[in-house]
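Structural description and commentary
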Amino acid sequence: MIATAERARAEGYPWDVARRMAELGLMGIALAEDDGGSGGTLVDSILAIQAVAEVCPRSGDVIQAGNFGPVRTFAEYGTPEQKERFLGPILAGHAVISLGMTEPQAGSAVTELSTSAPPDRDGFLINGTKIFGTHSSEADVFLVYVRFGPGLNGIGSVLIEKGTPGFTIGKPSAFMNGEDWSQLYFDTVRIPKENVVLGEGGFCKQISGFNVERLGNAARAVAVGRHAFTLARAHALERKQFGRALCEFQGLQWKMAEMSLKLESAQLLLMRAAVNAGDGLPNAHDTAMAKLACNEAGYFAVNEAVRHVLSGPYQCRLAKPARSGDANVRPNQSERCPSV
């Protein structure tokens, strides 16, 4: 087994973890059994990703990819033929799907995307570029947001396979948590109409699916924060300074209490979003509140633990995944916007 610290520094997608998680039934937890999933709930998925991420944040990334990422939107809106073709390998841990949403000039303003998809005979021609797609360096298939026409109602999504003529994957870069991404270039990429997941008017449905991805990010943030809290608490009970255990100093007790309060409060907002979703997708308000609270609580707990109790290798092991959760998917400032 690779140690957690080693795993955090390892390059590339952890395919061994993906296959093991698939064997354990931890991929596609909330997907329908007819689609190859377990038929569980969003709550089940959250509990699973937190249990794994609290021990190994990088392995939690795999649970994210198999339950909360674009795979959920695809499973929700893809045609039976599309799911028959692509879902099996993904849920078995042999393939990964990446999201092509963010663009260099649009950023978080997804409604301003310019990647075009005009009709061409029995299909569409895709032209544009995408950035910051998690696992885009190693994905086999991409769920790409495109513009079929003007305005909000002109936005939809298509599936584009790696190796499609005109589709180029740039050099890999890494997020702070170690996950890879590559810029995607679409130069007159011809796709058949069968690859359309959501046509014109599908934007709102796509964003509803994306809310699941945001909750997965939120769940990981709390898990990493809890891990930091647990390590700090154990160290404070054992470490002695000035003839007393660290836990006996009132100033540190206040810090630990504040960390616990923020983490538990954020968890409640996260579970509210998941429970309110039922068997469907979470709403934008619950999702934004949960993600904001969880990202800030997770980062706060890690930052306080490293600054006041822990040090050394924990800075890499904890701070990077916590800080990246604060920025990945959408920056926290976006969650404060009432229109999300």
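Above this text you will find the structure in question.
Residues numbered from 1 in each chain as written. Predicted model: local features only at pLDDT ≥ 70, side-chain atom pairs only at ≥ 80, totals over all residues. Heavy atoms only, no water.

1. Digging into the overall build of the chain
Looking only at helices and strands, the chain features eleven helices and ten strands. A buried classification covers 54% of the 340 residues belonging to the chain. In the chain, 72% of the contacts between residues at least 6 apart in sequence involve partners at least 24 apart. (Helix = DSSP H or I, 4+ residues; strand = E, 2+ residues; numbered from the N terminus. Buried < 20%, exposed > 50% of the residue type's maximum accessible area, 1.4 Å probe, protein only. Contact = heavy atoms within 4.5 Å.)

2. Describing the nonpolar core
Where a protein is soluble and globular, its nonpolar side chains tend to be buried together. In this structure, I126, V158 and I160 are the most contacted members of the largest nonpolar core, which totals 88 residues. The residues touching V158, leaving out its near neighbours within four places in the chain, are I126, F142, L143, V144, V146, F148, I191, N195, V196 and V197. (Core = buried A, V, L, I, M, F, W, Y, C linked by side-chain atoms within 4.5 Å.)

3. Concerning the pairing of strand β4 (residues 141-147)
Within β4, seven of the seven residues are buried, which leaves the element mostly enclosed by the surrounding structure. Burial along β4 is two-sided: the face carrying V141, L143, Y145 and R147 and the face carrying F142, V144 and V146 are both buried. Across seven bridges, the pairing between β4 and strand β5 (residues 155-161) is antiparallel. In the strand pairing of β5, V144 is matched with V158. (Pairing = 2+ DSSP bridges.)

4. Thoughts on the sheet that holds strand β2 (residues 119-120)
Either a parallel or an antiparallel arrangement is found when strands of a sheet pair, and the pairing is made through backbone hydrogen bonds. Strand order in the open sheet formed by four strands is β2-β3-β7-β6, and the pairing between neighbours is antiparallel. Each edge of the open sheet is held by one strand with a lone partner, namely β2 and β6 (167-174). Inspection of the sheet shows strand β3 (residues 123-130) paired to strand β7 (residues 180-192) by seven bridges, in the antiparallel sense. Among the inter-strand pairings, K130 is bridged to a residue of β7, identified as L184.

5. Points about the packing of aromatic side chains
Scanning the entire structure with this criterion turns up six aromatic pairs. Ring plane angle 70 degrees and centroid distance 4.8 Å describe the contact between F132 and W181, whose orientation is recorded as edge-to-face. Here the residue F132 occupies a position in the loop between β3 and β4, and W181 occupies one in strand β7, the gap between them amounting to 49 residues. Assessed through its relative accessible area of 14%, W181 is described here as buried. Judged by centre distance (5.1 Å) and plane angle (90 degrees), the ring pair of F142 and F167 falls under edge-to-face. Taken together, the residues span a long stretch of sequence, with F142 in strand β4 and F167 in strand β6 at a distance of 25 residues. (Phe/Tyr/Trp six-rings, centres within 6.5 Å; stacked < 30°, edge-to-face > 60°.)

6. Description of the side chain of S182
One can find S182 in strand β7. Overall, S182 belongs to the buried group, its relative accessible area being 1%. A polar contact is formed between the side chain of S182 and the side chain of S137, at a distance of 2.5 Å. Filtering out sequence-adjacent residues up to four positions away, S182 remains in contact with K130, G133, S136, S137, I169, G170, K171 and P172. (Polar contact = N/O pair within 3.5 Å; in protein donor to acceptor, adjacent residues only side chain to side chain.)

7. Details of the pattern of salt bridges
Evaluation of the coordinates by the stated rule reveals 13 salt bridges. One salt bridge in this structure joins E76 and R72, with 3.5 Å as the shortest N-O distance. Of the two residues, E76 and R72 are both situated in helix α5 (residues 70-77); the distance of four residues between them amounts to about one turn of the helix. Notably, a salt bridge pairs D120 with R190, separated by 2.6 Å at the nearest N-O pair. You can see D120 sitting in strand β2 and its partner R190 sitting in strand β7, a full 70 residues away along the chain. A network of salt bridges, in which partner residues are shared, links R58, D61 and R220. (Salt bridge = Lys/Arg side-chain N within 4 Å of Asp/Glu carboxyl O.)

8. Some thoughts on the environment of V17
Relative to the helices and strands, V17 resides in helix α2 (residues 15-23). Expressed as a C-alpha distance, the spacing of V17 and D61, which sit 44 residues apart in the sequence, is 9.9 Å.

From the geometry alone we can't say anything about function, so treat these as descriptive.
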